[in-house]
Every structure is written in C-alpha cells, then in structure tokens.
There are 2 protein chains.
Amino acid sequence: MPQDDQTTAFDAATAVRRAEGGGLVADLDPGWDVGGGILNGGYLLSVVARAAVLESPHPHPVAVSASYLRAPAAGPVALTVVPGPAGRTLAHSLVTLSDTGGPALTVQATTATLGSTPSEYSHPMPDVPSVEECFSVAEHRDLAPPGVQVPGLSLRVDTRLDIATAGWAFGRPSGEPVLRAWMRFADGREPDPLALLTFADALPPTSFAMGNPGWAPTVQLQVLVRALPAPGWCLVEARSSEISGGWVDEDYRIWDSTGRLVAQSRQLARAPR
Amino acid sequence: MPQDDQTTAFDAATAVRRAEGGGLVADLDPGWDVGGGILNGGYLLSVVARAAVLESPHPHPVAVSASYLRAPAAGPVALTVVPGPAGRTLAHSLVTLSDTGGPALTVQATTATLGSTPSEYSHPMPDVPSVEECFSVAEHRDLAPPGVQVPGLSLRVDTRLDIATAGWAFGRPSGEPVLRAWMRFADGREPDPLALLTFADALPPTSFAMGNPGWAPTVQLQVLVRALPAPGWCLVEARSSEISGGWVDEDYRIWDSTGRLVAQSRQLARAPR
C-alpha cells in the first residue's frame, strides 16, 4: 500500500515543497472541500503541519492551534515558518498560510518525536457497531439534507457513521450534538500524525444532529496528537458541550484500530442558523 | 464588592497599562505561582487577554490558544499585540508576552462580544457536594504531598475539591485522572471571562490523582469562553484522556453558579515522572 509519497491522494494534496528563494509553498487541492468551494479546516492544518515538521528537528506535530482568519482559495499558497525555541523534547514554531489574498491561517505548532511507549492511562473507545454495520456517507450522497452538498472531503475520507448518531441523514436528528464514525482514507493510505489532523475536523458539523444543517465555519481549532496510530480504521467522535449566541464547540476524540486514543481536538465555530 | 478595578487581587495582578512610546506592559505578580517561583499558566493567559481586548473592538476573549515557550519571571513584561482581521462578530490578534529573557508566551486571541442569550444546548453540570462539604486546599496546606509546595495561587483562588477526587491529599490517589472543585477568588471578586482564563488552568495537575505529584509544565493551552458567568462559585472539572510517553492532556469544563457551561480548556503538558 503506498505510503508517504505523492501517490496517495492525501500525500499529493498536502505536499509542501521549497520554492526558488527558499520559501515553502503548496498547492491547495479543490477536492478537499466541505461544499461551496470551502476547503476543510483539518486538511489545511495537515498542509501547515507538513511545513512545520520540514523546519523542525522533530518529525511529528503533537500540538497544533490554528486561527482561521478567512477561507483560502484552492491553488498556490505560501507557508511561512517562524521557528521558536527547540530542544531535545519538543520544538515550537509559528506558521502562516497565505494565498494571493493574504494570510488565511496562523498556526502555533509544537513538534516532537512520538515513540512506541504504551499508555499509562487511556480513555476507552466507546462501544460502536462494526464498520460494515455503519452508514457510508459517500454511498448515500443522495440522502444529504436539502441544500447541503456532500463535500469532496467525504469521497477522499471514507466515513462510516454509527447509525445511532446518523438519524439526521434520514430526517430524524437525535437532538444530541454527538457524531461518531469509523474513518480512513478512501485509497487505503494508512493513518499517521498528519492524517489525524485532517480526521480531527472531518466529521459533518454536530449541528446536523441538532437538525441544523449548514456550514459551521471554524474560528479556532486545536489538535493534539497523542500517539502514532496503528494501521486500519480510526474511530472519530465529535461532541458539542455548549451551543448559544451563534457559537458552537466541537470536541473530538480519535482512537486507532487497537482502541488506543491517538488524537483529540477542540474547535470554536460559528453555529449554523 | 469591588469589581474591575485594581482593588481586587486579580485585577491588580493582571493590570495592563500603556507605557511611554505606546507599547503595553504589565508587572507579573510573584504571588500567582504554582510553586518554585513558576507562575500559573492561566494567570499569564489572563494578562495576555487583557492586552488583546485593549487592542480589539470587542470586549471578551472567546478563544485563546497559547504556546508556552518558557516560564517568564515575575516582574515587568511587554505585551506585543499584532491585530488580525476584525469584524462585527469577532476579531483576531496575535499577542506575545516577553520578559527580559525574550518571548515567553505566544497567544492567538479571538475576541467577541458575549451577550445574554440562553443556551440552545448545554452539557449539564455533574452532581457534586456543596461548597461546605468540599475540601479547602488553602485550609489544608500541611496535607500537601511530600515535596509539593502549596502554590500562592491556591491562596488567591479559593479551591474546594470534591472529596471524591481529593484522595491523593490523604495518600489515597483514586487512579482516575479527574479533579473537580468549586472555585472563586479568595477576596470575593466575581468571575468574568478574564477570570475564567485563570480558572481554566488553576486545579492541581490531574497526575496528582494518579499518585504522581509534581509539576506538569504546560506546552500548549487553548481556552474557550462560552458565556458570561453568573456571580458566585464556579465548578471546575479537569480530566485527562491519555497519559503516555511523558505527555498528558488536561481537559477542563467550567460551569457557573447557575449550572451553565461557561468555559472549556484543553492543554498538552509534560507529565511528571
């Protein structure tokens, strides 16, 4: 199975290269959208993290906090990395992703070297149906709520929703802002820390489960990568704790195929009306 | 009761003023330490957020993400605010806190105007004993584990631990990385969004509950402020989801005295050995 080169959709779409003059550049792929030409925030974070690790002595993003200033257009972007303190354990940097309209994302990145140490404590994976018993978003594009376009993202990230959290797809929103799904890349590319950054924002908005379909633009997103994920499907759970005044949080936990917690994220987003 | 002026300990310790030349400066108060002269990370975030709102059209910090580059010394610091996009709903900025040794904290701040809209959904407050039935950290300084100095912070932030999560103070750690406490300023200063930033990092490390007392230095911390807190005690809960390889997360939820969820935070820290 192809890994870590540009023969997989994810590696090609997040590739970062050094331009003449030494600056880092990338080409944002329009296929990683969440509808309406808006690129997924997690996808953008994976591109930024590639730039961060290129300029770091450490290979893995372990904490990444992003402010989404505005939605960048697909196409060429520049990635400016300002290195901060770096040591044996971790390194800090500040990365800005800019398109022709100016800065779109500013990101504080902490990189480190994740090993293979076992967990001393790990929040257990919830009990969910098998992948085969779950609801394939890509195979049910025609079931999207009226006005909601199924995103390109869902063709590239195979997303199998736990039926218990997928009632909204059948016109019966649960009223509880929780979504759970098995997730992996559609072309079989195995998960790694960079992939987890995309998975950490790849579920539909939790507001779908509240009967409010619509875009929930991310304002700030923090992702923590806690371990190197094992090959196979990841279980991704998103949960909101407070919805009010036009604001919603989304809190993710991600477990790998062995049941280990490998990533967490939290974002503040504007709630769809 | 004194509010929003420098007659309260919190307002005096977090005051930010404009120096000659126009830059923002503050004097970090050595009394807000977590032991060993190390200042509390939430306290530092409150100082930074004061600088952010001074330079913003909006009065409230709603999302604040900080990278802790190194522990700043008490005493004079400079606060550099680089404004980002600002609109009717929210404004972004990047704030750097520097002491004589250079940058210590870089913070992405999103400010907005929180109103009095009721919750559409709110994660319920857990069932806990009353303040009077809880364990006062300040009144039991002598019970601190050997080698652990009770921090100045705990004299300024009145912290009443739910006994169910305070076994470690009696040599009986629960083995579950969860702490819960009622919290308010010792001088009766009422909570507000700036105060919630301090509360969002003011519990002892969850590793205490695992039988590992010791300092857990914060690497990155994100705090979301979700509503204006009502007067009175706040309930603060911290929980870790994964401890491994020398890393630990701490995930906070904070409810106000009416039971409304008013803040959330998540940090990645180095785990005490």
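Residues numbered from 1 in each chain as written. Chains lettered and ligands numbered in written order. Predicted model: local features only at pLDDT ≥ 70, side-chain atom pairs only at ≥ 80, totals over all residues. Heavy atoms only, no water.

1. Let's talk about the environment of Ser46(A)
All names here are of chain A.
Part 1 of the argument: By the secondary structure assignment, Ser46 is in helix 2 (residues 41-54).
Part 2 of the argument: Ser46 gets classed as buried once you look at its relative accessible area, which sits at 0%.
Part 3 of the argument: Distance in space between the C-alpha atoms of Ser46 and Pro83 is 18 Å, their sequence separation being 37 residues.
Part 4 of the argument: What Ser46 contacts, discounting residues up to four positions off in sequence, is Phe10, Thr14, Leu194, Leu197 and Thr198. (Helix = DSSP H or I, 4+ residues; strand = E, 2+ residues; numbered from the N terminus. Buried < 20%, exposed > 50% of the residue type's maximum accessible area, 1.4 Å probe, protein only. Contact = heavy atoms within 4.5 Å.)

2. Focus on the pattern of salt bridges
Part 1 of the argument: This model, assessed by the stated rule, comprises 28 salt bridges over all chains.
Part 2 of the argument: Glu237(A) serves as the salt-bridge partner of Arg180(A), at 3.1 Å between the closest nitrogen and oxygen. Taken together, the residues span a long stretch of sequence, with Arg180(A) in strand 10 (residues 178-185) and Glu237(A) in strand 12 (residues 234-239) at a distance of 57 residues.
Part 3 of the argument: Classification of Glu237(A) as buried rests on a relative accessible area of 7%.
Part 4 of the argument: Between Asp162(B) and Arg180(B) there is a salt bridge, with the nearest N and O atoms lying 3.1 Å from each other. Of this pair, Asp162(B) sits in the loop between strand 9 (157-161) and strand 10 (178-185) while Arg180(B) is found in strand 10, placing the two residues 18 residues apart along the sequence.
Part 5 of the argument: A residue is classified by how much of its surface remains accessible, and Asp162(B), at 5% relative accessible area, is buried.
Part 6 of the argument: Exposure remark for Arg180(B): the relative accessible area of 14% places this residue in the buried category.
Part 7 of the argument: Residues participating in the shared-partner salt-bridge network are Asp11(A), Arg50(A), Arg189(A) and Asp192(A). (Salt bridge = Lys/Arg side-chain N within 4 Å of Asp/Glu carboxyl O.)

3. Concerning the relation of the copies chain A and chain B
Part 1 of the argument: Rotating chain A by 180 degrees about the axis while translating it 0.0 Å along that axis superimposes it on chain B, leaving an RMSD of 0.0 Å. The superposition operator between the copies reduces to a two-fold rotation axis.
Part 2 of the argument: When the interface residues of chain A are mapped onto chain B, 100% of them again lie at the interface, so the same face is used by both copies. (Least-squares fit on C-alpha atoms with pLDDT ≥ 70 in both.)

4. Describing the UniProt feature "domain: Acyl-CoA thioesterase-like N-terminal HotDog" (unreviewed entry) in chain A
Part 1 of the argument: The UniProt record marks residues 29-111 of chain A with the feature "domain: Acyl-CoA thioesterase-like N-terminal HotDog" (unreviewed entry), using the residue numbering of this structure.
Part 2 of the argument: End-to-end, the C-alpha atoms of residues 29-111 of chain A are 25 Å apart, and along that stretch the chain is 17% helix and 49% strand. (UniProt positions renumbered as here; feature names shortened; annotations may be inferred.)

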